[in-house]
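Structural features, examined
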Amino acid sequence: MTIIDRSAVDVVRVDLGSRSYEIKIGGGLVARAGELVAPVLKQKRTAIVTDSHVARWYLDELQQSLRSAGIASEAITLPPGESAKSFSQLESLCDQLLDLKVERSTTLIALGGGVIGDLTGFAASILLRGIDFIQVPTTLLAQVDSSVGGKTGINSAQGKNLIGSFHQPRLVLADIEVLDTLPRRELLAGYAEVVKYGLINDPAFFTWCEGHGAGIISGDAGARRHAIAASCRAKAAIVGADERESGARALLNLGHTFGHALEAECGYSDDLLHGEAVAIGMVMAYDLSARLGLCPLEDAARVQRHLASLGLPTSPTWIDGRSWSSARLVEHMSQDKKVKDGRIGFVLTRGIGQAFTPAYVELADVAAMLDEAIAA
Ligand code: NAD
Ligand code: GLY
């Protein structure tokens, strides 16, 4: 653990015309939330949505800070976990918010990880035909990925994130101090999404991750702030260029087509966290690229080595007690929402930091790579 300089705040801007907003990254931002959110509020009234784990640590501090700035807040606390991203929880949340008599100018504050952010953002996009919301992400994954870019939504029986909207937040406050209470497994899962930005288009950042990944996990505040700011800058640039994923934004799905298939096979259970699935999926994307002669074998090995060195999974065999079938994994991929004209959307790579979306991938090659990964 290092001493945190609370005066150091990085600001990353997401440029989207009238929907532009800032991401502020630093220590002690929950304690300062009142003064930081005040400029973007339409009325001095907010409703906080959080989960019971996060509420225990940070809800009082947030409400106290809002109160000090003369901002009223009411809080809704949901059970933790992916199951909150459901129609029934969305309905219950909307009912509770309407019972609180939220108005069009009331702002919702999502205090939590990606689950709370995705659900609250979706509720904000449909309540009273759309109200403002602010993200206060409390997991590493949410600070580097899910709180930025405006993808919101819930899951359905058919799959993850299949029901949702694009609704940008008005502000994101990423307080690096809250990561101190995050379980190590969740930190590691979020770190996979940090590495992703290096692998997409920034080889120097990947090299930096190789040197600082262990520090990020063990609590080096400077390394955490740098990693989050660099990740947010990378995501902001891509989202600014392609908000609705008609082109470059698809690169953010590096490792996700494979990862989502693994998550689906695990029933979206705690057997495999989203970031863990992305770690395995990124290794698969590099392995497939190497197998197709697109990417040096050494680059694929380097990715696997770095993720494994921190304790992230790099193969489906890491997950206990499951028998895997490449055919079933390909079947899950064909139900992914990124399927276009019947073709599965893959992100492949020509090397570290050189991801691209190929026009076509032979499914026999995917199955052969999966068979090898399953047997390993
Ligand atoms: P999560 O929200 O479930 O949080 C993980 C666990 O950590 C929960 O138990 C939570 O209560 C706890 N927690 C959160 N902050 C804490 C803290 N500071 N201290 C202690 N405990 C804390 O999981 P997640 O990994 O943050 O998010 C996963 C979700 O994000 C998935 O639903 C995924 O689909 C979504 N996602 C969305 C996007 C997007 O662009 N919208 C991108 C990536 C992932
Ligand atoms: N997490 C992928 C995206 O935001 O597009």
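Here the structure is shown first, and the text comes after it.
Note that the structure is predicted; figures quoted are calculated from it, not measured.

**Describing the site of ligand 1**
- As a matter of local geometry, ligand 1 sits amid 25 residues, with Asp51, Gly114, Thr138, Thr139 and Thr181 nearest to it.
- A distance of 2.7 Å separates an oxygen atom of ligand 1 from a polar atom in the side chain of aspartate 51.
- Separating an oxygen atom of ligand 1 from a side-chain N or O atom of threonine 139 is a distance of 2.6 Å.
- Those elements giving two or more residues to the shell around ligand 1 turn out to be helix H2 (52-68), helix H4 (114-126), helix H5 (140-146) and strand E8 (159-166).
- Residue composition of the shell around ligand 1, by class: seven nonpolar, nine polar and nine charged.

**Description of the site of ligand 2**
- By nearness alone, every residue bordering ligand 2 is listed as Asp145, Lys151, Lys235, Glu245, Arg249 and Leu252.
- The contact in question runs from a nitrogen atom of ligand 2 to an N or O atom on the side chain of aspartate 145, over 3.1 Å.
- In the model, an oxygen atom of ligand 2 is placed 2.8 Å from a nitrogen or oxygen of the lysine 151 side chain.
- Each residue belonging to the shell around ligand 2 can be placed in one class, and the counts come to one nonpolar, no polar and five charged.

**Comments concerning the packing of helix H10 (residues 274-291) against helix H11 (residues 297-310)**
- One way to put it is that H10 packs onto H11 with a least axis distance of 8 Å and a crossing angle of 165 degrees. Relative to H11, the element H10 lies roughly antiparallel. Crossing hand, H10 versus H11: left-handed. Contacts between H10 and H11 involve Ala279, Met282, Val283, Tyr286, Asp287 and Ala290 on the former and, on the latter, Leu297, Asp299, Ala300, Val303, Gln304 and Leu307.
- By residue class, the composition of the contact of H10 with H11 is nine nonpolar, one polar and two charged.

**Some remarks on the pattern of salt bridges**
- Per the stated rule, a full pass over the model turns up 24 salt bridges.
- Residue arginine 45 is joined to glutamate 74 by a salt bridge in which the shortest nitrogen-to-oxygen separation is 4.0 Å. Here the residue arginine 45 occupies a position in strand E3 (residues 45-51), and glutamate 74 occupies one in strand E4 (residues 72-78), the gap between them amounting to 29 residues.
- Classification of arginine 45 as buried rests on a relative accessible area of 19%.
- For glutamate 74, a relative accessible area of 37% gives the class partly exposed.

Here is what the cut-offs are and how they apply
Residues numbered from 1 in each chain as written. Chains lettered and ligands numbered in written order. Predicted model: local features only at pLDDT ≥ 70, side-chain atom pairs only at ≥ 80, totals over all residues. Heavy atoms only, no water. Near = heavy atom within 4 Å. Polar contact = N/O pair within 3.5 Å; in protein donor to acceptor, adjacent residues only side chain to side chain. Helix = DSSP H or I, 4+ residues; strand = E, 2+ residues; numbered from the N terminus. Nonpolar A, V, L, I, M, F, W, Y, C, P; charged D, E, K, R; others polar. Axes fitted to C-alpha atoms, helices over the stretch in contact; angles between N-to-C directions. Parallel < 35°, antiparallel > 145°, perpendicular 65-115°, else oblique. Left-handed = near helix turned anticlockwise from the far one by under 90°. Contact = heavy atoms within 4.5 Å. Salt bridge = Lys/Arg side-chain N within 4 Å of Asp/Glu carboxyl O. Buried < 20%, exposed > 50% of the residue type's maximum accessible area, 1.4 Å probe, protein only.

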